[in-house]
Amino acid sequence: AQSVSQHNHHVILSEAASLELGCNYSYGGTVNLFWYVQYPGQHLQLLLKYFSGDPLVKGIKGFEAEFIKSKFSFNLRKPSVQWSDTAEYFCAVAGGFKTIFGAGTRLFVKA
Amino acid sequence: EAGVAQSPRYKIIEKRQSVAFWCNPISGHATLYWYQQILGQGPKLLIQFQNNGVVDDSQLPKDRFSAERLKGVDSTLKIQPAKLEDSAVYLCASSLLGESNEQFFGPGTRLTVL
């Protein structure tokens with residue numbers, strides 16, 4: 001069965017710190033991978049996605065993620081976070097016409 | 001372009017009552033999804049439509065939940081009768097055809113069952 005695991009439920013960082021949020025999935029076939037973000041009071045929106053090609057993908061607001069097929073991972077990174085990055089981040093995996101979301105990581109950035 | 005519209009935004013009902021949610025996807029999006037998001041968890045797919053047809057409803061509690069998508073556009077999700085554990089945010093999303101396409105989410109309906 002398909003599953004998605006996000007390692008940290010809550011992360012607190014100071015501004016300018018580096019960020020890495022882990023995402024691991026289990027699925028035997030071809031997958032499309034996504035990171036979605038939900039800022040306070042706003043809808044879920046796409047941060048970045050991977051479906052083929054260069055395993056290092058860049059998204060909006062300086063975020064990037066690397067797909068490591070051998071590790072079934074799609075970790076999200078940002079070299080220097082800002083207070084405005086405070087949000088909840090969801091990893092999602094689409095495969096076999098089914099999309100599974102992780103439980104989410106709530107990030108709080110201290111100014 | 002207009003986003004995904006959902007109504008109502010909030011609903012409070014008592015257990016055993018029925019409730020319906022409405023979703024209007026982005027124009028031209030063939031695929032429509034209903035998710036349930038319980039506090040502290042990620043969205044859980046309840047049902048996925050492709051045009052008029054159901055692609056996946058394996059996690060829909062069919063004894064109490066039903067959904068339809070008339071004419072391949074708007075969709076309604078109904079719960080009858082509601083249980084306390086149905087308290088959650090119900091999200092509607094739409095996308096172009098194909099798994100590599102991003103999903104666009106509506107604002108959600110926050111349901112509280114007392």
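Use the structure listed above.
Here we summarise the structure given alongside this text. (Residues numbered from 1 in each chain as written. Chains lettered and ligands numbered in written order. Predicted model: local features only at pLDDT ≥ 70, side-chain atom pairs only at ≥ 80, totals over all residues. Heavy atoms only, no water.)

Overview of the nonpolar core
All names here are of chain A. Membership of the largest hydrophobic core comes to 29 residues, with the highest contact counts inside it found for Leu33, Trp35, Leu47, Leu48, Phe74, Leu76 and Tyr89. The element best represented in this core is strand 10 (residues 87-95), accounting for four residues. Aside from chain neighbours lying at most four places away, what touches Phe74 is Cys23, Leu33, Phe34, Trp35, Leu48, Lys49, Tyr50, Val57, Ala65, Glu66 and Phe67. (Core = buried A, V, L, I, M, F, W, Y, C linked by side-chain atoms within 4.5 Å. Buried < 20%, exposed > 50% of the residue type's maximum accessible area, 1.4 Å probe, protein only. Helix = DSSP H or I, 4+ residues; strand = E, 2+ residues; numbered from the N terminus. Contact = heavy atoms within 4.5 Å.)

Some words on the pairing of strand 9 (residues 73-78) of chain A
All names here are of chain A. Judged by how many residues are buried, strand 9 sits mostly within the fold: five of six residues are covered. Relative to strand 9, strand 3 (residues 19-21) runs antiparallel, the two sharing three bridges. From the neighbouring strand, Glu20 faces strand 9, where its bridge partner is Arg77. Sheet analysis places strand 8 (residues 64-68) next to strand 9, joined by five bridges and oriented antiparallel. Looking at strand 9, one finds that Ala65 is bridged to Leu76. Hairpin connection from strand 8 to strand 9: four residues lie between these consecutive antiparallel strands, with Phe72 at a positive phi of about 50 degrees. (Pairing = 2+ DSSP bridges.)

Digging into the sheet that holds strand 1 (residues 5-7) of chain B
Residue and element names in this part refer to chain B. Strand order across the open sheet formed by four strands is 1-3-8-7, with antiparallel pairing between neighbours. A single partner strand is all that each edge strand has here, and the edge strands are strand 1 and strand 7 (65-69). Between one strand and the next, the sheet's axes are offset by a mean angle of 15 degrees, whatever the strand orientation. (Axes fitted to C-alpha atoms, helices over the stretch in contact; angles between N-to-C directions.)

Details of the environment of Pro81 of chain B
Residue and element names in this part refer to chain B. The topology assignment puts Pro81 in the loop between strand 8 (75-79) and strand 9 (88-95). Since its relative accessible area comes to 35%, Pro81 is described here as partly exposed. Placed 72 residues apart in sequence, Pro81 and Arg9 show a C-alpha to C-alpha distance of 20 Å. Sequence-distant contacts of Pro81, that is, excluding residues within four places in its chain, are made with Arg16, Gln17, Arg64 and Asp86.

Notes on the state of the cysteines
Across all of its chains, the model carries two disulfides over all chains by this definition. Across a sulfur-sulfur distance of 1.9 Å, Cys23 of chain A and Cys91 of chain A are joined as a disulfide pair. The chirality of the disulfide connecting Cys23 of chain A with Cys91 of chain A is left-handed, given an S-S dihedral of about -65 degrees. With Cys23 of chain A in strand 4 (residues 23-26) and Cys91 of chain A in strand 10, this pair connects stretches of sequence that are 68 residues apart. With respect to burial, Cys23 of chain A and Cys91 of chain A carry one shared label: buried. Put simply, Cys23 of chain B and Cys92 of chain B are joined by a disulfide, and their sulfur atoms are 1.9 Å apart. Of note, the bridge from Cys23 of chain B to Cys92 of chain B carries an S-S torsion of about -70 degrees and is left-handed in sense. Of this pair, Cys23 of chain B sits in strand 3 (residues 19-24) while Cys92 of chain B sits in strand 9, and the two are 69 residues apart along the sequence. One exposure class covers both Cys23 of chain B and Cys92 of chain B, and it is buried. (Disulfide = S-S within 2.5 Å.)

Considerations on the pattern of salt bridges
Residue and element names in this part refer to chain A. Tallying each qualifying case throughout the model produces eight salt bridges over all chains. Glu64 is paired through a salt bridge with Arg77; the nearest N and O atoms lie 3.4 Å apart. Here Glu64 is found in strand 8, whereas its partner Arg77 is found in strand 9, with 13 residues between them in sequence. Arg77 gets classed as partly exposed once you look at its relative accessible area, which sits at 23%. For Arg106, the salt bridge identified is with Glu88, shortest N-O distance 3.3 Å. Placement of Arg106 in strand 12 (residues 105-110) and of Glu88 in strand 10 is noted, with a sequence separation of 18 residues between them. The class for Glu88 is buried, based on a relative accessible area of 12%. Beyond isolated ion pairs, a larger network of salt bridges with shared partners links Lys58, Glu64, Glu66 and Arg77. (Salt bridge = Lys/Arg side-chain N within 4 Å of Asp/Glu carboxyl O.)

Scope: geometric values only; no functional claims are made or implied.
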